[in-house]
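The residues making up each chain are set out below.
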Amino acid sequence: MKRLALSLLLVPALAASACTVAGEASEGRTKVVVGYQSKTINTVTAGTLLRSLGYFEKNLGDRYQVVWQDYESGAPITAEMLAGKIDIGSMGDYPLLINGSRAQAQGGDARTELVAVTGYNLRGALNGVVVAPDSTARTLRDLKGRNVSASVGSAGHGTLVQALDKLGLDAAKDIRTENQQPSVGASALQSGGVAALAQFVAWPGQLVQAGQARLLYDGGSLNVPTFHGTVVRQKFAEDSADVLQAFLKAQIQATAYLHEHPLEAAESVAKETGLAPETVYLYNGPNGISTFDVTIKPSQREAFEQDVPFLKSIGVLDKPLDVPSFFNDTYIRDAYGPAYDADVAETTNGAALPGDPAKAGELWLDGERETRPAADPDGLLKAVREVRDSGGKIRAAYVPDALTGTRWFADHSVWLRDGDDFLPFATQENADAYAASHSGTVPVSYEEAVKEA
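The structure displayed is predicted, hence computed values, not measured ones.

### A look at the overall build of the chain
Here comes step 1: A count of helices and strands for the chain gives 20 helices and 18 strands.
Here comes step 2: Taking all 453 residues of the chain together, the buried fraction comes to 58%.
Here comes step 3: For the chain, the proportion of contacts with a sequence separation of at least 24, taken over those separated by at least 6, is 76%.
Here comes step 4: Looking at the chain, you have 40 positive and 56 negative side-chain charges, and the mean spots of the two groups are 2 Å apart.

### Some details on empty space enclosed by the protein
Here comes step 1: The final tally for this structure, using the stated rule, is two cavities of 30 Å³ or more.
Here comes step 2: Together, 13 residues line the largest cavity, and Asn127, Thr159, Leu222, Val224 and Thr226 are the ones closest to its centre.
Here comes step 3: Among the secondary structure elements, those contributing two or more residues to the lining of the largest cavity are α5 (93–106) and α6 (155–166).
Here comes step 4: Looking at which element gives the most residues to the lining of the largest cavity, the answer is α6, with four residues.
Here comes step 5: Estimates place the volume of the second largest cavity at around 50 Å³.
Here comes step 6: The biggest single contributor to the lining of the second largest cavity is strand β9 (residues 214–218), with three residues.
Here comes step 7: Residue composition of the lining of the second largest cavity, by class: seven nonpolar, four polar and one charged.

### What to know about the sheet that holds strand β13 (residues 372–374)
Here comes step 1: Sheet architecture is open: four strands sit in the order β13-β12-β14-β15, paired in antiparallel fashion. For this open sheet the edge positions go to β13 and β15 (407–409), each flanked by a neighbour on one side alone. Direction aside, the axes of adjacent strands within the sheet are offset by 25 degrees on average.
Here comes step 2: Those strands touched by helix α13 (residues 277–284) are β12 (361–365), β14 (394–400) and β15, and its axis lies near 160 degrees from that of β15.
Here comes step 3: Running over the sheet, helix α18 (residues 377–389) touches β12, β13 and β14 and is turned about 15 degrees from β12.

### Some words on the pattern of salt bridges
Pairing between side chains becomes possible if they bear opposite charge and their charged atoms approach one another.
Here comes step 1: Using the criterion set out here, one finds 13 salt bridges in the structure.
Here comes step 2: In this structure, Arg407 engages Glu362 in a salt bridge whose closest nitrogen and oxygen atoms are separated by 3.0 Å. One end of the pair, Arg407, is in strand β15; the other, Glu362, is in strand β12, and 45 residues separate them in sequence.
Here comes step 3: Because the salt bridges share partners, they merge into one network encompassing Glu267, Glu278, Arg369 and Arg395.

### What about the confidence of the model for the chain?
Here comes step 1: Per-residue confidence for the chain gives a mean pLDDT of 92, with 94% of residues at or over 70.
Here comes step 2: Per-residue pLDDT stays below 50 along residues 1–23; that stretch engages in 60 contacts with residues further than four places along the chain or on separate chains.

### Digging into the pairing of strand β6 (residues 147–150)
Put simply, side chains in a regular strand alternate between the two faces of the sheet.
Here comes step 1: Residue alternation in β6 divides its side chains into two sets, Asn147 and Ser149 and Val148 and Ala150, and both sets are buried.
Here comes step 2: Of the strand pairs in this sheet, β6 and strand β7 (residues 176–179) are connected by four bridges, and their pairing is parallel. Residue pairing for β7: Ala150 is matched across the bridge by Asn179.
Here comes step 3: Note that β6 and strand β8 (residues 196–200) share three bridges and pair parallel. Paired with Val148 across the strands is Ala196, a residue of β8.

### Brief notes about α13
Here comes step 1: Counting buried residues in α13 gives eight out of eight residues, a clear majority hidden from the surface.
Here comes step 2: Every buried residue of α13 is accounted for by Pro277, Glu278, Thr279, Val280, Tyr281, Leu282, Tyr283 and Asn284.

### A closer look at helix α12 (residues 262–273)
Here comes step 1: The end-to-end C-alpha separation of α12 is 16 Å, in line with the 16 Å expected for twelve residues at 1.5 Å each.
Here comes step 2: All of the buried residues in α12 are Pro262, Leu263, Ala265, Ala266, Val269, Ala270 and Thr273. Angular distribution of buried residues about the axis of α12 spans 165 degrees; they occupy a single face of the element.
Here comes step 3: Of the surrounding elements, those touching the buried residues of α12 are α2 (48–53), α11 (241–260), α13 and β12.
Here comes step 4: One or two positions beyond α12, positive phi appears at Gly274, with a value near 85 degrees.

### Considerations on the packing of α11 against α12
Here comes step 1: At a closest axis distance of 5 Å, the pairing of α11 and α12 adopts a crossing angle of 115 degrees. Relative to α12, the element α11 lies roughly perpendicular. Of the residues in α12, those in contact with Tyr257, Leu258, His259 and Glu260 of α11 are Pro262, Glu264 and Ala265.
Here comes step 2: Residues that form the contact of α11 with α12 fall into these classes: four nonpolar, one polar and two charged.

### Some words on unusual backbone geometry
Here comes step 1: Each neighbour pair has its own omega, and for Val201 with Ala202 the value is 5 degrees, a cis peptide bond.
Here comes step 2: Note that Ala202 resides in the loop between β8 and α9 (203–209).
Here comes step 3: Despite not being glycine, Asn223 shows a phi value in the positive range, around 60 degrees.
Here comes step 4: Along the chain, Asn223 turns up in the loop between β9 and β10 (226–233).
Here comes step 5: A positive phi angle, near 55 degrees, is found at Asn287, a position not held by glycine.
Here comes step 6: Along the polypeptide, Asn287 turns up in the loop between α13 and β11 (291–292).
Here comes step 7: Since its relative accessible area comes to 15%, Asn287 is described here as buried.

### Considerations on the nonpolar core
Here comes step 1: Counting 118 residues, the largest nonpolar core has Phe56 and Leu143 as the members making the most contacts within it.
Here comes step 2: If one sorts the elements of this core by residue count, α11 sits on top with nine residues.
Here comes step 3: Residues in contact with Leu143, not counting those within four places in the same chain, are Val129, Val131, Val148, Asp174, Ile175, Ala195, Ala196 and Leu216.
Here comes step 4: Core analysis: the second largest hydrophobic core is formed by 18 residues, Leu363, Ala374, Ala410 and Val444 among them.

Thresholds applied
Residues numbered from 1 in each chain as written. Predicted model: local features only at pLDDT ≥ 70, side-chain atom pairs only at ≥ 80, totals over all residues. Heavy atoms only, no water. Helix = DSSP H or I, 4+ residues; strand = E, 2+ residues; numbered from the N terminus. Buried < 20%, exposed > 50% of the residue type's maximum accessible area, 1.4 Å probe, protein only. Contact = heavy atoms within 4.5 Å. Lys, Arg positive; Asp, Glu negative; His and termini not counted. Charge placed at Lys NZ, Arg CZ, Asp CG, Glu CD. 1 Å grid on protein atoms, 1.4 Å probe; cavity = no way out; pocket = protein on both sides within 12 Å on 5 of 7 lines; lining within 4 Å. Points joined across faces, edges and corners; volume = space filled by probe spheres on them. Nonpolar A, V, L, I, M, F, W, Y, C, P; charged D, E, K, R; others polar. Pairing = 2+ DSSP bridges. Axes fitted to C-alpha atoms, helices over the stretch in contact; angles between N-to-C directions. Salt bridge = Lys/Arg side-chain N within 4 Å of Asp/Glu carboxyl O. pLDDT = per-residue confidence, 0-100. Expected span 1.5 Å × (residues − 1). Arc of directions from axis to C-beta. Parallel < 35°, antiparallel > 145°, perpendicular 65-115°, else oblique. Core = buried A, V, L, I, M, F, W, Y, C linked by side-chain atoms within 4.5 Å.

Below you can see the structure in the form of C-alpha cells.
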C-alpha cells in the first residue's frame, strides 16, 4: 500500500461522463450516492474516514456531487441499491452475500458486484459475543435457553450460529435469537432484556471498553476469515467506470492514510461516529483486529462460498448466490496497478507494530501523539507500572490474546501466570483452553500482573 501512496496523491479530475440513477444534482452537477455504515469501523476506508478526508470528491472534480448516506447495518443499503437509489456501498461479508443474492434474483439493472475489500481478519475476530460484566456465563454453552440479541443475517449473527454449531448446539432451538439492530441490542443487554449480544465490529469492543460488557466469545476462536467490502451496482460500474475508478483510488488513498497516520485516523473516526477513539484504535490501529487491504484474497472468496449454506438455512437468501459472477476484481486491479498480484498474497498488517505480532502490545498515554510499543505482555505490564509510578495516565493498553492472537484491552483481559510469564486472553474460555493444556498455570488479576511482572 505504501508503494501506491505517492502515486495516488493526485488523481486527475474526471470529465462529466457518469450516468447515475440519482440524476442531476444542484447546479447541474451529477450526483453519486454512497451508502456506508459510520460505526462499522472496518469499512472506514470506504466510508467514514474516506468521507472526512475528501479524497473521492477531489478525484472526481467539481462536476459531481457526492451524497453520503449513513446506515447502522448493511440491510438498508442493499434495499436502496436494489431500488436504484445507491450507487456504491460497503458492508460485511454476510450482508454482501444477501446483497448479491437478492440482486441476482431481481436481475436486470439491479445486479451488484463486489469490487474491493475494505478490511478483514483471517480468524474471524471482527465479530464477538458479549455479556453483562457480572454475568456468570463462561462459554457459549451457558447461553442455552437464554435470549441473545443479534442482527439476523449479519456477520455477528453468523459467527454466533457457527460457533454454537461447533459446540453441538442448534441456534434455532437452543437459544432464542432477538433480531435487533446493534444499538437496540446494546440497550437490551444493559437493561437485562437479553443475556448476550452477538455483533460485529466495533460493538463488542465499544461495550467492553465502556465497562458495560465482558467478551464471552472471541470470534477469532472460530478461525474462519471475515471481511467487509465495497459493492457497486453492475450497471453503474459499466456506465460510470471512471467514477468507480475515482472511488477505488480514493479508497486506496484512505487505506494508505490509515496505515501512515493510525492515531489521527482513529481520532477522526471517533469524532465522526461518537465511538471512543481507544476502541476505534483497538480495531484499526497497528496490529489491530482489522487488517485494511483493498485486494480480494482467495481465502476470503473461499470463506464467502462456505457461508452460503448457512444463510440459505436461515431463510435470508432468495436463491443461492453465484459467487464467481459476484466477485469482480477487474476494477480494483486497474486502480491498484502492477503490484496487485503480489499484494493479494500478502497478509501482513500494513500498520504493524515492531516485533512478533503474536506478542507485541502497545500503550497509548494521555497527552502523547505517539504510542509506546511493547515487545511482549511482560514488557507491557512493566511499562504500565512505570507509567503509573511516574504519575502518567494511560488511555489504553493493548495486548494480543495468547491463544488466538486477537488484540484486546489489557485491563479487560483474563490473565494467567505460566512460570515466569504472564499471558493475556480476551475471554475466560480462551484462558481455560490454554490452562487445560498447560499444567501449573495460575490465574491472576490484571492488577496483580502489573505489580508482579
